[in-house]
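Results of the structural survey
In case you want the letters, here they are:
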Amino acid sequence: RNGGGDVLVYVLNVLVRPRAMVVDQVFRFYHGEKDFLKKRVLVDSLVSGGASAAGWRQPLGLVSDAGARKHAWASSTSVIVSSIANAHDSRVEEVHLKYRCENAGDSVSFYVVLYNDAYHTSVYEIWQCHISTLQRMDLQGFVGEIERQGCCFTLRSKHGPKSVTAFASHPAELVLDSTSTLQLGEQVVEVPFQYQPCQAGRRDILVNFIDASGGSAKPLYSWLISARAKVPLVSKRYDIRLPIGKPCNKKIMYTNPYSSDKVFRLRTDQPKLLSFRDNQGELAIAAKGQQYIGLRFASRRAGGSTQVLVFINDEHDRTEECLCVSIQYQ
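Take the sheet that holds strand E4 (residues 79-85) next. Strand order in the open sheet formed by 3 strands is E2-E5-E4, and the pairing between neighbours is antiparallel. The open sheet has two free edges, formed respectively by strand E2 (35-44) and E4, since each of these has just one partner strand. Within this sheet the neighbouring strands show an average axis-to-axis angle of 20°, counted without direction. With 7 bridges connecting them, E4 and strand E5 (residues 92-101) associate as antiparallel partners. The residue bridging Ser82 from the neighbouring strand is His96, located in E5.

As structure tokens, this is what we get:
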């Protein structure tokens, strides 16, 4: 600058050749409509040459500081992303994602880039994220029971007749008929299903309805089942000891508390470990009578202890009693 005027002293010609990014991880999230998606991803921030997932980006012989902070950036302005250090482990970084899901059927894709520095000059990892907004249904139930009330999808086709087949991400817990084909038209069709949780806690179950003609693998209709399961109150507890590496048989006496004949259904929360002898799925007991429940325990190679729940249900699969069997392997 000379006397207030601008004088050109140097010209730099920059040739930019864009190239595709190398994506380290791909995340797919499914969330209900009109709700905020909040996710936390834990990242090991200890980078060494070739020892970590992003170590190949580090030059040979260069090792980053263990526990160095990472800085996140998202390619979409509708996504809020932040990174904080974990309170219990300085090597672990917590990356938080927040996104407002609008209408069912919407989807968004974006990139999240983690940098080693606050100036965004050194890349640590690149993520590709996909968020699909679905219709959501909330369910509650108890482990060991079969919930049927309120378990029904309502579908109809606005674009002519269609044949669809239903599939669930957790077929052992959400049971629907995936072998038959549903015929959809302008009239509303109800599709019933059964919810039988295998473990306590919260679980998201994805249900897709696929074109049965095979014209497209893309789901025509999708639902997100937000299920919560609780464990019923334990009425009796049994402590047993079993040898390591050998299957064993045990039996428990059960009394019919009713003044009429009853047929009880038997279930367990760990069918791979505990089953009922002679495929004893039902137990017929006379009024005020007693009968043994035959238990068959599978072999286990390692020692230790575990607990198995045995559910005694009525004819509607409502739990009459919940037995807790504490097993000590020795």
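Anyway, onward from the coordinates.
Okay, the environment of Gln328 next. Positionally, Gln328 belongs in strand E23 (residues 319-329). With relative accessibility at 35%, the residue Gln328 sits in the partly exposed group. Separated by 84 residues in sequence, Gln328 and Ile244 have C-alpha atoms that sit 9.5 Å apart. In this structure Gln328 touches Ile240, Arg241, Leu242, Gly304 and Ser305, once residues within four positions along its chain are discounted.

Next up on the list: the pattern of salt bridges. The tally for this structure, following the rule as stated, stands at 12 salt bridges. Residue Glu102 pairs with Lys34 through a salt bridge whose shortest N-O separation is 3.7 Å. Residue Glu102 is located in the loop between E5 and strand E6 (107-115), and its partner Lys34 is located in the loop between strand E1 (25-32) and E2; the two are separated by 68 residues in the primary sequence. On the basis of relative accessibility, which here comes to 36%, the residue Glu102 falls in the partly exposed class. With a relative accessible area of 47%, Lys34 lands in the partly exposed category. Between Glu102 and Arg100 there is a salt bridge, with its nearest N and O atoms 3.6 Å apart. What you see here is one network of salt bridges that share partners, running through Lys34, Arg100 and Glu102.

Rules and cut-offs
Residues numbered from 1 in each chain as written. Predicted model: local features only at pLDDT ≥ 70, side-chain atom pairs only at ≥ 80, totals over all residues. Heavy atoms only, no water. Pairing = 2+ DSSP bridges. Helix = DSSP H or I, 4+ residues; strand = E, 2+ residues; numbered from the N terminus. Axes fitted to C-alpha atoms, helices over the stretch in contact; angles between N-to-C directions. Buried < 20%, exposed > 50% of the residue type's maximum accessible area, 1.4 Å probe, protein only. Contact = heavy atoms within 4.5 Å. Salt bridge = Lys/Arg side-chain N within 4 Å of Asp/Glu carboxyl O.

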